[in-house]
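# Coordinates in review
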Amino acid sequence: MIYKDLGGTGIMIPAIGLGTWQIGGREDPDYSNDNEAINTLETAIEMGYTHIDTAEHYGGGHCEELIGTAIRNFSREKFFIVSKAWPNHLSNIDLPKSVEKSMERLGVDYIDLYLIHWPNPEIPLRETLKTLSDLKKLGIIKNIGVSNFEYPLLKEAVEISSEPIVCDQVLYNIEDREPEPYLLPYCQKNKITLTAYTPLRRLTLTESIRLNLEKIAIRHDVSISQVMLAWLINKENVVAIPKASKFQHMKDNFEAADLILSQEEVQLLDSI
Ligand code: NAP
């Protein structure tokens, strides 16, 4: 596994984390596959995944409960757990409650990285960031970050926040390249980690991009998912959080960190 510095903090985090959206339900809890979900999470942990991405929104909190069950027999320090507050919980009254409830569901007494899941223009960003900073000072969240913040809003958040914003988690993959002109260079310049979500684009790729990926994958005897992930984490300050529930997918993604693309391959992928 490759490790990357989290937002200039010196904390090293795995460049490939585990996404968990739809584990334990979508917006509401789905208890029907609990055994399978816990099995999936335990398998991932045994494989070596320690960076786990979740949110209070996932399965209406049930995803965090399942993660809590899966991690309880391991040492807490092993994990880098990321969770997020939904936009209706960003006030100074609601946010501490969200953090408390997430910790309770996860069965932990701190969260490694806590994010604003989406911006909410109806709640002053200053209020949310002040609350997050206060929670960080209490030690119950170790680092603060944001998600789905475009470049101008991230810049504003960095300027307002008394504690460093160490991460922006955004949509980024071989086809969705919106972060590249402004957000990514800003993150790189300011040592902010850019976490690429939906890094595999749920494998819905246009034909021409798939063909280019396949050519490279065949050359290295790897899957196209591995090429997509290796291309992402090859970039300075970028980490990725693919979601996988099938054993082979999980393994594939974890091992993508071992794939070294040539400069020509990176350039080709950059240009498509
Ligand atoms: P994704 O990771 O791009 O794709 C997941 C899909 O790809 C699953 O159907 C999975 O199948 C399949 N897959 C995974 N590895 C594969 C492989 N090696 N070969 C073939 N298929 C593979 O999409 P995502 O779940 O949207 O994004 C990942 C994570 O990012 C989420 O789970 C969540 O944690 C986070 N996220 C955050 C936000 C945000 O607003 N901050 C938004 C979206 C997502 P199986 O499950 O069947 O293995």
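Keep in mind that this is a model prediction, so the values were computed, not measured. Each chain carries its own residue numbering, running from 1 in the written order of its sequence. The predicted origin of the model limits local features to residues at a pLDDT of at least 70 and limits the giving and counting of side-chain atom pairs to 80 or more, whereas totals for whole chains, interfaces and linings rest on all residues. Water and hydrogen atoms play no part in the side-chain values, which are based on all heavy atoms of the structure.

Relative accessibility thresholds used throughout: buried, under 20% of the residue-type maximum; exposed, over 50%; partly exposed, between the two (1.4 Å probe, protein chains only). Secondary structure elements follow DSSP: runs of H or I no shorter than four residues count as helices, runs of E no shorter than two count as strands, and numbering proceeds from the N terminus. When you tally the buried positions in strand β7 (residues 165-171), you get six out of seven residues, the bulk of the element. Whether two strands pair depends on DSSP finding at least two bridges between them. Judged from the three bridges that link them, strand β6 (residues 144-147) and β7 form a sheet pairing that is parallel. Within the sheet, the bridge partner assigned to Ile-144 lies in β7 and is Ile-165. Orient the strands so they point away from the viewer; a crossover is then right-handed if the path from the first strand over the helix to the second runs clockwise. Viewed along the sheet, the connection from β6 through helix α5 (residues 151-160) into β7 turns out right-handed. For β7 and strand β8 (residues 193-197), the ladder comprises five bridges, and the chain directions are parallel. Among the inter-strand pairings, Leu-171 is bridged to a residue of β8, identified as Tyr-197.

On to the pattern of salt bridges. Basic side-chain nitrogens of Lys or Arg form a salt bridge, by our definition, when they fall within 4 Å of a carboxyl oxygen of Asp or Glu. Scanning the model with the defined rule gives 12 salt bridges in all. One salt bridge connects Asp-53 with Lys-84, and the closest N-O pair in it is separated by 2.7 Å. Pair noted here: Asp-53 is in strand β3 (residues 51-53) and Lys-84 is in strand β4 (residues 80-85), with a separation of 31 residues, a long-range link. In this structure, Asp-53 and Lys-84 share a single accessibility class: buried.

What follows concerns the packing of helix α4 (residues 125-138) against α5. Where α4 contacts α5, the two axes come as close as 10 Å, and the packing angle between them is 55 degrees. Considering the angle they form, α4 stands oblique to α5. Seen along the crossing, α4 lies across α5 with a hand that is right-handed. Contacts from Leu-125, Arg-126 and Leu-129 in α4 reach Leu-153, Glu-156, Ala-157 and Ile-160 in α5. For the contact of α4 with α5, the residue count by class is five nonpolar, no polar and two charged. Note on geometry: axes are lines fitted to C-alpha atoms, helical ones only across the stretch in contact, with angles between N-to-C directions running from 0 to 180 degrees. Should an angle fall under 35 degrees it is taken as roughly parallel, and over 145 as roughly antiparallel, whereas 65 to 115 is taken as roughly perpendicular and any remaining angle as oblique. If you view the pair so one helix is near and one far, a crossing is left-handed when the near helix is turned anticlockwise from the far one by less than a right angle, and right-handed when it is turned clockwise. By definition, residues are in contact when any of their heavy atoms lie within 4.5 Å. In the scheme used here, Gly and all other residues not listed as nonpolar or charged are polar, with Ala, Val, Leu, Ile, Met, Phe, Trp, Tyr, Cys and Pro taken as nonpolar and Asp, Glu, Lys and Arg as charged.

Glancing now at the nonpolar core. Each nonpolar core is a collection of buried residues, namely Ala, Val, Leu, Ile, Met, Phe, Trp, Tyr and Cys, held together in the definition by side-chain atoms within 4.5 Å. In this structure, Leu-154, Leu-213 and Leu-261 are the most contacted members of the largest nonpolar core, which totals 88 residues. Considering every element that reaches this core, the biggest residue donor is helix α8 (residues 224-233), with eight residues. Those residues within four positions of Leu-154 in sequence are excluded, and the remaining contacts are Val-146, Phe-149, Ile-165, Asp-168, Leu-183, Tyr-186, Cys-187 and Ile-192.

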